[in-house]
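Fold and geometry: a report
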Amino acid sequence: MGKTPPEDMDFERAVGQLETLIERIESGEVGLEEAIGQYERGTKLVQRCRSILDTAERRIEELEVKSGSGKAESGSKEPGGDPPID
């Protein structure tokens, strides 16, 4: 497993490492002590992914407000209403 700190990873890399950690822990490939350490790293990876997603969501909301779509203003997070853009 890489030693890159989660806060220095992009979303795809963090998710990939998280998936690998989960596979290793679930398979019993690691002992208890290592599993605990891997779990701790996994929680940091999850925090990183959430942070990246939160930032992306804020950027999208800002773009929607700037474009005048009004979706961010209404607070609606339901898919639907608008037809797809071709």
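Given the structure is predicted, the values throughout are model-derived calculations rather than measurements. (Residues numbered from 1 in each chain as written. Predicted model: local features only at pLDDT ≥ 70, side-chain atom pairs only at ≥ 80, totals over all residues. Heavy atoms only, no water.)

Next up on the list: the overall build of the protein. Along its length, the protein carries three helices and zero strands. Secondary structure elements of the protein occur, N-terminal to C-terminal, as α-α-α. Within the protein, buried positions represent 17% of all 86 residues. Taking as baseline every contact in the protein between residues at least 6 positions apart, the subset at least 24 positions apart corresponds to 53%. Summed over all atoms, the accessible surface of the protein reaches about 6800 Å², with 52% contributed by carbon and sulfur. (Helix = DSSP H or I, 4+ residues; strand = E, 2+ residues; numbered from the N terminus. Buried < 20%, exposed > 50% of the residue type's maximum accessible area, 1.4 Å probe, protein only. Contact = heavy atoms within 4.5 Å. Areas by Shrake-Rupley, 256 points an atom, 1.4 Å probe, with all protein chains shown as cover.)

The next thing to look at is the environment of Thr-4. Summarising the element assignment, Thr-4 is placed in the segment before α1 (11-27). Separated by ten residues in sequence, Thr-4 and Ala-14 have C-alpha atoms that sit 9.8 Å apart. The residues touching Thr-4, leaving out its near neighbours within four places in the chain, are Met-9, Arg-13 and Arg-41. Here the side chain of Thr-4 touches Arg-13 through a polar contact of 3.0 Å, side chain to side chain. (Polar contact = N/O pair within 3.5 Å; in protein donor to acceptor, adjacent residues only side chain to side chain.)

With respect to the secondary-structure elements, Pro-5 resides in the segment before α1. Measuring from C-alpha to C-alpha, the distance between Pro-5 and Arg-48 comes to 9.8 Å, with 43 residues separating the pair along the chain.

Think of an α-helix as 3.6 residues a turn; residues three or four steps apart then line up on the same face. Relative to the 24 Å expected for 17 residues at 1.5 Å per residue, α1 spans 24 Å between its end C-alpha atoms, a close match to the ideal helical length. Of all the residues in α1, the buried ones are Ala-14, Gln-17, Leu-18, Leu-21 and Arg-24. Mapping the buried residues of α1 onto a view down its axis gives an arc of 130 degrees, with all of them on the same face. Seen from the buried face of α1, the exposed residues on the opposite side, beyond 90 degrees, are Glu-12, Glu-23 and Glu-26. Summarising the contacts, the buried residues of α1 are in contact with α2 (32-67). Residue Gly-28 follows α1 closely and has a positive phi angle near 80 degrees. (Expected span 1.5 Å × (residues − 1). Arc of directions from axis to C-beta.)

This paragraph deals with α2. Relative to the 52 Å expected for 36 residues at 1.5 Å per residue, α2 spans 52 Å between its end C-alpha atoms, a close match to the ideal helical length. Turning to α2, its buried residues number three or more, namely Ala-35, Gln-38, Arg-41, Gly-42, Leu-45 and Cys-49. Tucked inside the fold, the buried residues of α2 contact α1. Gly-68 sits one or two positions beyond α2 and adopts a positive phi of about 80 degrees.

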